[in-house]
Amino acid sequence: MRGVSLASIAAAALLLLVSGAGVASAAAASDAGAAAHTAGEPALHVAMVVCGSRCEREAAVAIKSMLLFAPGIKLGQDLIFHLLGEGPSLQRLAANLPAGSVKLHDIADKETAQHLAQLQHLEPSKPCAGLKLALPDIMHHHGIERVLQIDTDLIFLSDVREMHSVFAKFNATQAVAVTKEMEFDRAEDGWYHRHSKTPFFGKTGINSGLILYNTTRLFRQIDVRAETASALATHKSDIVWGDQDVLNIVLARHPDLVYVLDCYWNYRTEHCNEAHPLLQFCDYRPALADGAGIRCIHGSQQAFVEEVNGRRYIASFVSFFLQFEAMPWNELLTEQVNLGSLFNVLHLDIATAIKMQHASAREHGRDRAESCEDPMLANLRHMARLRSITLHPLPVTHRVHDSGEL
């Protein structure tokens, strides 16, 4: 990927996206694994904390991805966004969406400030740090029952309405759905077991990048404010991962609240980590078998940034981010995005990354490289098949099989 400018590819993709003729539109796309939104079903409320320019940029991409893969969705009726954070960023994001489809919770507003004041939030000098902890309380205060809380660095690759089917799987006590921090229960190898000084859920801990809350049930079963305040008061000096550690502490006390999601709902670079292939590997193949494929990719640790402090970037994650960022809002809202062009640009981009990585592996005496690009390519091809999108033949030098092998 080093020989290819991702910025130039993004610009080329934008030209392709607006070119028009003979395309598969978002309206024609179908998600085999998605649960349809039926009449009388409550709206899904998606909440994000947006503070700072990077989060604002990421939040725009997250919202665009939800719109792209939810054909026919009615904003303000089926899906409502809640943006919490600093006023200017919230206003700029809201300006792209129809009136009634987004609600703003500014930290400067009296009501939001009151919810924050009820917590000894993590960093008093940074009010946004406490917003994720206050979010369930804010949603419950507004009478919102079904809440999907996500980090801004999340990209949906499937229909967000499938979340309704997850709520339907909750048993009588479950009120929170999350993914595990690691996929294997070898507790002695996990980060929380090796490093954490705070309690954590199960053997592995949970990741807070994507959380489903049934707030009615949650607040009926525990005193959320008291539990959060207690966790902070008892363990504040030992907290490393902010709100995620606090949530782990609370859920360790109340494991019966938790419904564990499969890893492909929160697919992270750790799931294809060469250093720990057995420890972290997320088997995405069941997701392909059940129809929808990998549901979300999570760019934690700035994986959507091309390079951070010299760390090798994940080309497929960066490419998805740039291509989605380039999509015009008006085309998304009118379901006129050229999915065929988008998928073909991504296909070539990821195949190029694999080619470069395999060449580098051979130079270092290895048969091939194992990376995030392989499952991302297989998933992209699966997504194309679901939507009857034809992927153009790759150049001979770039051809890879579904397994990712050259």
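Please refer to the structure higher up on the page.
Residues numbered from 1 in each chain as written. Predicted model: local features only at pLDDT ≥ 70, side-chain atom pairs only at ≥ 80, totals over all residues. Heavy atoms only, no water.

In total, this model carries nine salt bridges according to the counting rule given. Ionic pairing is found between aspartate 151 and lysine 132, a salt bridge with its closest N-O pair at 2.7 Å. Here aspartate 151 is found in the loop between strand 4 (146-150) and strand 5 (154-156), whereas its partner lysine 132 is found in helix 5 (residues 131-141), with 19 residues between them in sequence. Since its relative accessible area comes to 13%, aspartate 151 is described here as buried. Its relative accessible area of 22% is what places lysine 132 among the partly exposed residues. With its nearest N and O atoms 2.8 Å apart, the salt bridge here joins glutamate 162 to arginine 295. Of this pair, glutamate 162 sits in the loop between strand 5 and helix 6 (163-167) while arginine 295 is found in the loop between helix 12 (285-289) and strand 10 (296-298), placing the two residues 133 residues apart along the sequence. (Salt bridge = Lys/Arg side-chain N within 4 Å of Asp/Glu carboxyl O. Helix = DSSP H or I, 4+ residues; strand = E, 2+ residues; numbered from the N terminus. Buried < 20%, exposed > 50% of the residue type's maximum accessible area, 1.4 Å probe, protein only.)

With that settled, the discussion passes to the nonpolar core. Counting 79 residues, the largest nonpolar core has Leu148, Ile150, Phe156, Ile297, Phe320 and Phe324 as its most contacted members. Here the element with the most residues in this core is helix 2 (residues 53-68); it accounts for nine residues. (Core = buried A, V, L, I, M, F, W, Y, C linked by side-chain atoms within 4.5 Å.)

The topology assignment puts glutamate 58 in helix 2. Placed 263 residues apart in sequence, glutamate 58 and phenylalanine 321 show a C-alpha to C-alpha distance of 8.3 Å. When neighbours within four sequence positions are excluded, glutamate 58 is seen to be in contact with Thr152, Asp153 and Phe321. (Contact = heavy atoms within 4.5 Å.)

Right, let's get into the state of the cysteines. A complete count under the given rule lists one disulfide for this structure. A sulfur-sulfur distance of 2.0 Å marks the disulfide that ties cysteine 263 to cysteine 282. With the S-S dihedral at roughly 80 degrees, the linkage between cysteine 263 and cysteine 282 falls on the right-handed side. Residue cysteine 263 is found in the loop between strand 8 (258-261) and strand 9 (267-268), and its partner cysteine 282 is found in the loop between helix 11 (277-280) and helix 12; the two are separated by 19 residues along the sequence. For the residue pair cysteine 263 and cysteine 282, the accessibility class agrees, reading buried in each case. Residue cysteine 55 stays outside any disulfide, its sulfur separated by 6.9 Å from that of cysteine 51, the closest cysteine. Cysteine 55 sits in the buried class, given a relative accessible area of 17%. (Disulfide = S-S within 2.5 Å.)

Across the seven residues that make up strand 1 (residues 44-50), a large majority, seven, are buried. Going residue by residue along strand 1, you find Leu44, Val46, Met48 and Val50 tucked away on one face and His45, Ala47 and Val49 tucked away on the opposite face as well. Note that strand 1 and strand 2 (residues 79-85) share seven bridges and pair parallel. Considered in strand 2, the bridge of alanine 47 is made with histidine 82. In the classification by handedness, the crossover that spans strand 1, the intervening helix 2 and the parallel strand 2 is right-handed. (Pairing = 2+ DSSP bridges. Right-handed = clockwise from strand over helix to strand, strands pointing away.)

Moving on, we get to the environment of threonine 216. Looking at the element boundaries, threonine 216 is found in helix 8 (residues 215-221). Distance from threonine 216 to arginine 146, taken between C-alpha atoms, is 8.5 Å for residues 70 residues apart in sequence. Not counting residues up to four positions away in its chain, the partners in contact with threonine 216 are His140 and Glu145. A polar contact is formed between the side chain of threonine 216 and the side chain of glutamate 145, at a distance of 2.8 Å. (Polar contact = N/O pair within 3.5 Å; in protein donor to acceptor, adjacent residues only side chain to side chain.)

Attention now moves to the pairing of strand 6 (residues 176-180). Among the five residues of strand 6, five are classified as buried, and the element is accordingly described as predominantly covered. In the sheet, strand 6 pairs with strand 7 (residues 206-214) via four bridges, with the strands oriented antiparallel. If you follow valine 176 over to strand 7, its bridge partner there is tyrosine 213. Here strand 6 pairs with strand 8 via four bridges, running parallel. Bridge pairing in strand 8 links alanine 177 to tyrosine 259.

Looking now at the sheet that holds strand 9. One open sheet accounts for three strands, arranged 5-10-9; its pairing is mixed. On the outer flanks of this sheet lie strand 5 and strand 9, each paired with one strand and no other. Pairing between strand 9 and strand 10: two bridges, direction parallel. When the sheet's bridge partners are listed, tyrosine 267 is paired in strand 10 with isoleucine 297.

Hydrogen bonds between backbone atoms are what pair the strands of a sheet, whose relative direction is either parallel or antiparallel. Read across the open sheet, the seven strands follow the order 3-2-1-4-7-6-8; overall the sheet is mixed. Edge positions in the sheet fall to strand 3 (102-106) and strand 8, since each has one partner strand and no second. Each adjacent strand pair in this sheet contributes to an overall mean axis angle of 25 degrees, direction not counted. (Axes fitted to C-alpha atoms, helices over the stretch in contact; angles between N-to-C directions.)

Attention now goes to the environment of glutamate 41. Mapped onto the elements of the fold, glutamate 41 is located in the loop between helix 1 (6-17) and strand 1. Exposure remark for glutamate 41: the relative accessible area of 22% places this residue in the partly exposed category. Distance from glutamate 41 to glutamine 77, taken between C-alpha atoms, is 9.9 Å for residues 36 residues apart in sequence.

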